[in-house]
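# Results of the structural survey
This is what each chain is made of:
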Amino acid sequence: MENKRWYDKEPTVSLAVSLIKNSKEDTQKKCAVFIKEKAQDYGVVLKTNLLGAFNYVLNRWYDSSQQLAEAFDYLKDADEETRKQIAIDVIAFLEKAETC
């Protein structure tokens, strides 16, 4: 069976996304900032898509927050290895956030 979502292709990334989705809203926002910073540290640059901006539709769960949507764009635009490493960092970040 083919996975429909880009983040389901790699189990670590899928787990990280699931943990983000199930965390509190304030934790999601902190995680969004963390993802963006990590991605930039790894040299990820967002791809610009003007047509996509005009066709922007809020139909994904993470689109409810501009910050979270941008973080996921960084994650999606990263190469596979970087995406997996960021996911590992996110899982560790969320473990700390939930114990505080």
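So, here is what we can say about the structure in this document. (Residues numbered from 1 in each chain as written. Predicted model: local features only at pLDDT ≥ 70, side-chain atom pairs only at ≥ 80, totals over all residues. Heavy atoms only, no water.)

On to the overall build of the protein, then. Looking only at helices and strands, the protein has five helices and zero strands in total. Secondary structure of the protein in N-to-C order comes out as α-α-α-α-α. Relative to its 100 residues, the protein shows a buried fraction of 35%. Within the protein, residue pairs in contact and separated by at least 24 positions form 77% of the contacts whose partners lie at least 6 positions apart. For the protein, the accessible area works out to roughly 6800 Å², and carbon and sulfur atoms hold 52% of it. (Helix = DSSP H or I, 4+ residues; strand = E, 2+ residues; numbered from the N terminus. Buried < 20%, exposed > 50% of the residue type's maximum accessible area, 1.4 Å probe, protein only. Contact = heavy atoms within 4.5 Å. Areas by Shrake-Rupley, 256 points an atom, 1.4 Å probe, with all protein chains shown as cover.)

Looking now at the packing of helix α2 (residues 25-41) against helix α4 (residues 66-77). Running from N to C, α2 and α4 point in directions that differ by 35 degrees, and their axes come no closer than 8 Å. Helix-helix and strand crossings are classified by hand; for α2 and α4 the assignment is left-handed. From α2, Gln28, Lys29, Ala32, Val33, Ile35, Lys36, Ala39 and Gln40 reach across to α4, where they touch Gln67, Leu68, Glu70, Ala71, Tyr74 and Leu75. Each residue belonging to the contact of α2 with α4 can be placed in one class, and the counts come to eight nonpolar, three polar and three charged. (Axes fitted to C-alpha atoms, helices over the stretch in contact; angles between N-to-C directions. Left-handed = near helix turned anticlockwise from the far one by under 90°. Nonpolar A, V, L, I, M, F, W, Y, C, P; charged D, E, K, R; others polar.)

This part covers the nonpolar core. The biggest cluster of nonpolar side chains holds 24 residues, and the ones touching the most others in it are Trp6, Ile20, Ile35, Phe72 and Val90. Mapped by element, the contributors of at least two residues to this core are α1 (11-21), α2, α4 and α5 (80-99). Ignoring sequence-local partners within four residues, the contact set of Ile35 consists of Ile20, Ala71, Leu75, Ile86 and Val90. (Core = buried A, V, L, I, M, F, W, Y, C linked by side-chain atoms within 4.5 Å.)

On to α4, then. Compared with an ideal rise of 1.5 Å per residue, which puts twelve residues at 16 Å, α4 spans 16 Å between its outermost C-alpha atoms and is within 8% of the ideal. Listing the buried residues of α4 in full gives Leu68, Ala69, Ala71, Phe72, Tyr74 and Leu75. In this fold, the buried residues of α4 make contact with α1, α2 and α5. (Expected span 1.5 Å × (residues − 1).)

Any functional reading would require information beyond the geometric quantities listed.
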